[in-house]
Amino acid sequence: MRPVICLYLWLTLRHLASGYHHYESEEVGTLSGDVQNWAILLQNYILQLASEGIKREYTQSLFDTANYTYQEKDGDEIVRQVKESLGDYFSKKKHAAQRIARRAVLLYDAWYLKNSTSQYRQLRHLPDNIYRDSDIPSRLPPDLHFSPYFKQPVSWNYSTVKISDEVPRDDGATIETVYWTAQLEEVFKLSAKEDPFLSSYHQPAPDTAANRTVENRDAVKIEGCDSGSAEMGRKKRVEAHRDGAEAKWQYFGSTAGLSRLYPGREWDTNFAGFYNDYDPRIRPWYIAATSGPKDVVIVLDCSLSMKGEKFSIAQAVAKTVINTLTRQDYVNVVCARASHWDEVGKWHLFSTDVLSCQQDHLVQATIAHRKDLIEKIYNLEPGGTSELEKGIEVAFDLLSGKTRTGCQSTIVFVTDGQDTDGEEVRCGPGYYTRSGYVPGPICKYNWTKVWDMATKKNANTSPQARIFSYLTIDEGELFPGKLACEHRGSMKKLMIGENLITQMSNYFDFLSRNAKNSDGIWTSPYLDAFGLGLMVTYAIPCISEVTGQTIGVAGIDATLDEIENFLSRHQWGTVYSFLMNKYGEAIFHPRLKPSTKLVDDPIFIPIQHLEQDKDRNPPEFSQVIKDMTAGKTGHIRVEKARKGRGGKYLAATFYYAALNDSEYSFAFSLSDTDKVFRRAQEPEDKANYEKSYFNLLIEYNSKIARQKFPGTFEYLQVKYNEKKYPGLRVSYLHSSIFLAPKCHCDPNAYFYDDDLAQKTVAAHRYINSDTPDYGCDQEKRSRYVKSVRADVLITQPIEKLWRIRNFEGIEDVKWTYVGMRSGVFRTYPGHRSTRSYDPSRRPWFMRASSAPSKTSISTAYMDAAGVGKIITISQALFEGMTPRTDDECNNLTKPLPGGCRCDSDADCIIGVCYLSQAPGPNRDSPRCATERVEAVTSLDILYSRFHEIAMSTMQASDGKKSCGQKYDCPDGEPECETRCYLFDNSANLIIDPDFLTADNLDVSKYKGVTMGKKEGEVMKDLIYKHGFFQRKESLDFQGVCSISPYAPKVTLEGIPKNPEELDDYYKNKGPIPKFDNEFGCITDVVKYRANEAALGPSNMITGNVSGPCMSGFYYITQLPKTNLFMLIIENWKQYKDTVFYNFNCKIAQSIVNSGAYRIINGTCAHTDSREATLAEVGQCPVLRDIDIKCNYNRGRTHHSLEHLTALLILVTIATRWFIL
């Protein structure tokens, strides 16, 4: 065995000592001329393919010759219209929640005063009209119908009850709460009927008498909830409501741990098919309404005596408290302990630590901070002494810091109460005698010091802290009990770490009763547990007028998607909008992730981080923030608001206003060019335009389509499962039209409409109709946004050219298409698209829009239609040219705006100068393209074919060092080769020899692979030696991280592989159950951007590299009319792993790789920007300052501190008497 070990060590040392492979490189490579020639040839191939395949010039002429209307835009008027249209959106929600709360209190008090008890002893015995359960299929409402507004089946006739898993179902309080809350259905239905926002169907407002019937009854019927014929009348009314009203969830969450929700629904399930748990008492809307803002410090006894089940309970307590906090609260966690010796004299180092990385103050209880603290709590191991004085002292210091609410102060203290830690923990080093070693003394703690210190510190704390102590398993009540009782808190003993919401009722009941807040609040935005995206809730506590106790919380939701969609409808050109709260935090903004992409409650970023640089430029925007946070309406011009192409700053004006009865303000940013809006119109003469066909080709074979459009299906000659398009239906006779969700007046209704035949008939009629296009006119019951049909018609003639194309390589083209900013998508051959597809949000569209003067090539990706691994070649199309006279343009400095005469691309702002057919002055001269990209036209080809052509193009003139060819290295060693790559201006590899063999299902092997990951040494050289790549680093507070590492799919069996299969799956089986492998996290986003100027006049960079991964001589050059660059490595020699895994190589690659990397202590970067506490600005709720009974739990006996003191005195007297 020993010789084997020696051999292993010798090989290891040899490997480490040998360093990297070196050779005497040639100072100048031999392929310089070839590389420049390859770049020209490859660029010519791409441009020719684009020219003959896409026909961009012709499509651009269609936009240039289209008719446009001009409309002057007034920002102040738009803000007024938006504010008026949104109107009482928040006010109506608030009124509805207040009505639910009043009704709940009325019902509860009537039940309480009658001392009613249900005649039922088991929940299942309740009648169906009282008890419909979201978790029991047999108890679900019988009339569940899919609603696009709730994205799931709901019942407009019944509410349902959801009972937390922790709540005993047959407990008396549970049965009684289900019983008396049943009558809330009446007020739920009334509120739903009244909510007309963004609805295509407006219900008449209920008359005053109906309002009085619900709200002002003196007598409340409790005995039964069946209203007979009156219910039938209500059914008729709510059936009509299904057609379009967008009332959101209404609910009542009870202190008993159950919710009554309207409209009724079946609860969602996890990936295993089990119903997910839901406890209203720990939801953000419930907690925020009942407790108000608060400051909480959790002190954990982390000493050795807590080892085992006791510490598990302590961790669970801390987690429970943290999970019930919202972002209006502040929190931190202290692990209290100290160093000690053991029984053999060994020193063990421990300290009292604050767990947040921001250790000197409280942190806002955002989702990021909460997760960070919980993760650190569960990484703790008990050890050290029970010297807790330092921990309590730190807690008071945190509560006195600057970052806090200043409204309520609470310390949650978890301990076993033991004044000793046993034989293993000694408070002295011990000593030696002749007889041997004598251990130091066993620690015995003086709790009086802790009590005295706490009293002194709390006297100087404002507001003074309440202490809630939780004793884990042991009998050491005195220390935690006295600490809690002397600071107006209470203590409870916990034997298990389950059902802690109920076990810790002293803490949660105090929070709900102490805040005198009956007016309700708007919560901070959070992700809806019911699947409706980013949500805010108006939540109002329901406080009994008889008992004064909180009985629950009434809530009604408002989705921010509705506001965002509404604001987006009022955008045009380069106009964008954003929404922020009263704290200046961005709720939505173009630079933030859309709510549909969020996986966790978001961390909200101050708006100045999105609109200003680190030096607060532009300075004018600071006044915008100040006005918006103050709820003002107005506008401010900012001279350097946006950075345009070429680094030139553009001016913009911010128009803003506040939304009534909410904490939100919205703004529009208009550049000067946006003040005149040009809208494309339908051609006046449509005689030469052929019909367009909707993308659901198979639906033309449906019964209704055959009746409406006889013979159309046969005419289209739909083919199925062609060799080129396996599993798809295509028509070579025509292109097809797809209308993205945003083309529809009601995107939700479109998306969840499974009547595909009727959808096809409606779309076909619209896109081929001669009737006026009214847009989203509610009176006309229109389906589609105005001018969608104009985009369909403008692009129709290109179809003929696509159909008759005939050039070398046409067989390689899979799809050809044009996607418009409006969401209209025309593709050839005609085929089906996925219903959520939006061409304007696809990477190929955004890539071409960001560099409209270049032909853009994508990285390899799996085609959304299912044909395999493809790449996309794209070119931008501009809005029809703006007519400008020479007099207008002569007064301007270069670069020039669209419509001005030009000699080269460099003369134009947009970087494109061409001879246009657009009407206006100078039609016979080249003119600058309009700055606005109207559409992007593209073609797709299989990656394998593109790779093959590229490699065959790059043949060395001497025939010895062509791409992929192997040969001897300059030092005579074998296995050198010429390695060839194409990459884009973000360092993403477009062509890589390894992509060709990568499994299509393993997207990580070809999608988003960067140069740093594959050729780290070259990347490092280009960054630090040549300045070719410029590193850009930013923090993403809304990042996404994975719980488990990425693993490629093994098969697509059972997974929808194309749009038709996906539609069928949703229609027949419902949404695919979600398996959550992702969570929200803070990431460090690293990007690289190519600096073209670094190529110099020769348009080439060369260099030698030799490192832990490889060695070789490299060449970098540009394909200047595209977004591509070429990397050729001559004499490329890879160093494979020997004895060990090649860590040095992986490190070299990782330090220059792009990507998003989780920041373990990412919360350190998320600092609180508020300059004053809520108390200092007078925003704390009024407190009742209630007194709490402070009881100790000892089995069934409860002793107050006063009783315990009296008992000790009596025992002392009795003992003395006995001795005497």
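Small disclaimer: the values here were computed from a predicted structure and weren't measured. (Residues numbered from 1 in each chain as written. Predicted model: local features only at pLDDT ≥ 70, side-chain atom pairs only at ≥ 80, totals over all residues. Heavy atoms only, no water.)

Undergrad: I'd like to hear about the overall build of the protein, residue by residue, with values.
TA: Of the regular secondary structure elements, the protein holds 34 helices and 53 strands. Out of the 1220 residues belonging to the protein, those deemed buried represent 54%. Within the protein, contacts between residues at least 6 apart in sequence are counted, and of these 72% link residues at least 24 apart. When the accessible surface of the protein is split by element, carbon and sulfur atoms take 51% of a total near 54,300 Å². (Helix = DSSP H or I, 4+ residues; strand = E, 2+ residues; numbered from the N terminus. Buried < 20%, exposed > 50% of the residue type's maximum accessible area, 1.4 Å probe, protein only. Contact = heavy atoms within 4.5 Å. Areas by Shrake-Rupley, 256 points an atom, 1.4 Å probe, with all protein chains shown as cover.)

Undergrad: Give me helix α29 (residues 943-953): which residues, what numbers.
TA: Here α29 has its buried residues at Tyr943, Phe946, His947, Ile949, Ala950, Met951 and Thr953. In this fold, the buried residues of α29 make contact with α2 (32-54), β38 (869-878), β41 (933-942), β43 (976-984) and β44 (989-991).

Undergrad: Can you explain empty space enclosed by the protein? Please cite residues and give values.
TA: Within this structure, the stated rule accounts for six cavities of 30 Å³ or more. One number sums up the size of the second largest cavity: a volume of about 90 Å³. What lines the second largest cavity is a set of twelve residues, among which Leu728, Arg729, His831, Arg832 and Glu1060 lie closest to the centre. Looking at the lining of the second largest cavity, the element that brings in the most residues is strand β32 (residues 725-730), giving three residues. Here the residues of the lining of the second largest cavity are counted per class, giving five nonpolar, four polar and three charged. (1 Å grid on protein atoms, 1.4 Å probe; cavity = no way out; pocket = protein on both sides within 12 Å on 5 of 7 lines; lining within 4 Å. Points joined across faces, edges and corners; volume = space filled by probe spheres on them. Nonpolar A, V, L, I, M, F, W, Y, C, P; charged D, E, K, R; others polar.)

Undergrad: For the state of the cysteines, give the residues involved together with the corresponding values.
TA: Enumeration according to the criterion identifies eleven disulfides in this entry. The partner cysteine of Cys302 in its disulfide is Cys335, sulfur to sulfur 2.2 Å. With a gap of 33 residues between them, Cys302 in the loop between β8 (295-301) and α11 (309-323) and Cys335 in strand β9 (residues 330-336) connect regions that are remote in the sequence. Taken as a pair, Cys302 and Cys335 share a single burial class, namely buried. Cys908 shares a disulfide with Cys928; S-S distance 2.1 Å. Its torsion about the S-S bond being -80°, the disulfide of Cys908 and Cys928 is classed as left-handed. Taken together, the residues span a long stretch of sequence, with Cys908 in the loop between α28 (886-890) and β39 (913-914) and Cys928 in strand β40 (residues 927-928) at a distance of 20 residues. The same class applies to Cys908 and to Cys928, which are both buried. (Disulfide = S-S within 2.5 Å.)

Undergrad: Lay out the sheet that holds strand β26 (residues 605-606) with the relevant residues and their values.
TA: On the basis of which strands lie adjacent, the open sheet formed by six strands has the order β26-β25-β24-β29-β28-β27 and antiparallel pairing. Every interior strand has two partners, whereas the edge strands, β26 and β27 (634-643), have only one. Pairing of strand β24 (residues 576-581) with strand β25 (residues 585-588) involves two bridges; the strand directions are antiparallel. Bridge pairing in β25 links Leu579 to Phe588. Relative to the sheet, helix α20 (residues 620-629) contacts β24, β27, β28 (649-658) and β29 (664-671), its axis offset from that of β27 by approximately 140°. (Pairing = 2+ DSSP bridges. Axes fitted to C-alpha atoms, helices over the stretch in contact; angles between N-to-C directions.)

Undergrad: Could you give an account of the nonpolar core, naming the residues involved and the relevant values?
TA: Phe90, Leu579, Phe666 and Phe668 are the most contacted members of the largest nonpolar core, which has 82 residues in total. By residue number, the principal contributor to this core is helix α5 (residues 89-113), which donates eleven residues. Setting aside anything within four residues of it in sequence, one finds Phe668 in contact with Ile78, Val79, Val82, Leu567, His570, Gln571, Val575, Tyr576, Ser577, Thr653, Phe654 and Tyr655. (Core = buried A, V, L, I, M, F, W, Y, C linked by side-chain atoms within 4.5 Å.)

Undergrad: Tell me about the packing of helix α13 (residues 389-399) against helix α14 (residues 447-459), and name the residues and values.
TA: With their axes 10 Å apart at the nearest point, α13 and α14 run at an angle of 10° to one another. On the basis of the axis angle, α13 is roughly parallel to α14. In contact with Glu389, Ile392, Glu393, Phe396 and Asp397 of α13, α14 contributes Lys449, Val450, Met453, Ala454, Lys457 and Asn458. Partitioning the contact of α13 with α14 into residue classes produces five nonpolar, one polar and five charged. (Parallel < 35°, antiparallel > 145°, perpendicular 65-115°, else oblique.)

Undergrad: Outline the pattern of salt bridges, listing residues and values.
TA: Tallied over the entire structure, the rule returns 54 salt bridges. The partner of Lys449 in a salt bridge is Glu389, and the shortest N-O contact between them spans 3.7 Å. Residue Lys449 is located in helix α14, and its partner Glu389 is located in helix α13; the two are separated by 60 residues in the primary sequence. Between Arg637 and Glu639 there is a salt bridge, with its nearest N and O atoms 2.9 Å apart. Glu639 sits in the partly exposed class, given a relative accessible area of 44%. In the salt-bridge network here, residues are joined through shared partners; they are Lys966, Glu977, Arg979, Asp992, Asp994 and Lys1014. (Salt bridge = Lys/Arg side-chain N within 4 Å of Asp/Glu carboxyl O.)

Undergrad: Describe the sheet that holds strand β7 (residues 264-265), and please don't skip the residues or the numbers.
TA: Strand order in the open sheet made by the three strands is β2-β3-β7, with antiparallel pairing throughout. The strands lining the two open edges of the sheet, one partner per strand, are β2 (145-147) and β7. Pairing analysis gives three bridges linking β2 to strand β3 (residues 152-155), with the strands arranged antiparallel. Among the inter-strand pairings, His145 is bridged to a residue of β3, identified as Val154.

Undergrad: Which residues make up the side chain of Ser787, and what are the values?
TA: In this structure, Ser787 sits in the loop between α24 (756-767) and α25 (788-795). The contact partners of Ser787, leaving out residues within four places of it in the chain, are Arg679, Ala680 and Asp773.

Undergrad: I'd like a rundown of unusual backbone geometry, residues and numbers included.
TA: The omega angle of the peptide bond from Tyr262 to Pro263 is -5°, so this bond is cis rather than trans. Take Pro263: it is sitting in the loop between β6 (258-262) and β7. Cis geometry is found at the peptide bond from Ser462 to Pro463, where omega equals -5°. With respect to the secondary-structure elements, Pro463 resides in the loop between α14 and β17 (465-472). Even without being glycine, Asn1099 reaches a positive phi, approximately 60°. Positioned with a positive phi, Asn1131 is a non-glycine residue whose angle comes to about 60°.

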